[in-house]
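Descriptive analysis of the structure
The chain contents come next:
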Amino acid sequence: MTRPPPAGVDARAWASLFGPPVAHRGLWSAGRPENTLAAFEAAAEAGYGIELDVQLSADGEVMVFHDDRLDRLTARSGRLAERLAATLTALKVQGSDQTIPRLREVLARVAGRTLVLVELKVLGGEEGRLEPRVAEILDTYDGPAAVIGFNPHALAWFAEHRPTRLRGLNSTAYTGAADWTIPTAERRALNELEHVALARPHFLSLGLDMLPSPSARALRADGTPVLAWTVRSPAQWTRVAGDCDNLMFEGFSPEARA
């Protein structure tokens, strides 16, 4: 059952957390790459929510792209942050006819039809530049939207400067080999969601390796909704469904979930 929204938070965005599943980086497929206008249009047409990733170009434009580097998805190499927006918007993604869009373009295309989750790609030590640019863009958008991210300082910026903008904290269990460079005590704190106190999220967006977890269950029982990501099969959804309120998916039809 949908819970009442926190004070001041857009009721449409809040209700959408408990509504249709969210397409991870859009409803992408062959010829319709992730984080492109075609993938977002397909998701909106199918009635799904949309998750997308944003970062700044060299000239301060909010671009929709996941990776720090261009290499995996385009014919160029190097960091996205070192390229001008005009250069980025001309790059073809995965050899398709789709290019890297600006956040403003995506929101204009979605036009309030469905929930948009804007993931802030803010590295540690780089806080304070992307957040205000995203906030300014969302201030003029008439549609359900939320910001999400792993960096608790980025979410804390929104808690301070845009307290009624719906926000969600991303997390994983931080137990994989890629996380071993993080000090043990810090990994434990992240695993136990101690950074919730800093981020002050309205909801949690948790990797499958976090579900179930005692800390997530306690926060959910206290009224904090949980979104599971990234669900790639009906079996995965069945495993975590009792510990979350919705799912972020890719690679299968959510209608096939058990």
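Shown above is the structure to which this text applies.
Everything quoted here is computed from the prediction, not taken from an experiment. (Residues numbered from 1 in each chain as written. Predicted model: local features only at pLDDT ≥ 70, side-chain atom pairs only at ≥ 80, totals over all residues. Heavy atoms only, no water.)

Glancing now at the environment of Phe203. Structurally, Phe203 can be placed in strand 7 (residues 203-207). Distance from Phe203 to Leu17, taken between C-alpha atoms, is 8.8 Å for residues 186 residues apart in sequence. Aside from chain neighbours lying at most four places away, what touches Phe203 is Leu17, Leu117, Ala146, Ile148, Leu166, Arg167, Gly168, Leu169, Thr224 and Pro225. (Helix = DSSP H or I, 4+ residues; strand = E, 2+ residues; numbered from the N terminus. Contact = heavy atoms within 4.5 Å.)

Our focus in this paragraph is the packing of aromatic side chains. Evaluation of the coordinates by the stated rule reveals five aromatic pairs. Aromatic pair Phe150 and Trp229: ring centres 5.8 Å apart, planes at 90°, arrangement edge-to-face. Placement of Phe150 in the loop between strand 5 (145-149) and helix 6 (152-161) and of Trp229 in strand 8 (residues 226-231) is noted, with a sequence separation of 79 residues between them. For Phe150, a relative accessible area of 30% translates into the label partly exposed. (Phe/Tyr/Trp six-rings, centres within 6.5 Å; stacked < 30°, edge-to-face > 60°. Buried < 20%, exposed > 50% of the residue type's maximum accessible area, 1.4 Å probe, protein only.)

What follows deals with the environment of Gly19. On the secondary structure map, Gly19 appears in the loop between helix 1 (11-16) and strand 1 (22-24). Accessibility expressed as a relative area gives 31% for Gly19, which makes it partly exposed. Each C-alpha atom, one on Gly19 and one on Thr184, is 37 Å from the other, the two residues being 165 residues apart in sequence.

Right, let's get into helix 5 (residues 130-139). Given 3.6 residues per turn, any residue in an α-helix points the same way as the ones three and four places further on. Of the residues making up helix 5, those classed as buried are Leu130, Glu131, Val134, Ala135, Ile137 and Leu138. Projected onto a plane normal to the axis of helix 5, the buried residues spread over an arc of 165° and lie on a single side. Here the buried face of helix 5 lies against strand 2 (49-56), strand 3 (62-64), helix 4 (103-110), strand 4 (116-120), strand 5 and helix 6. (Arc of directions from axis to C-beta.)

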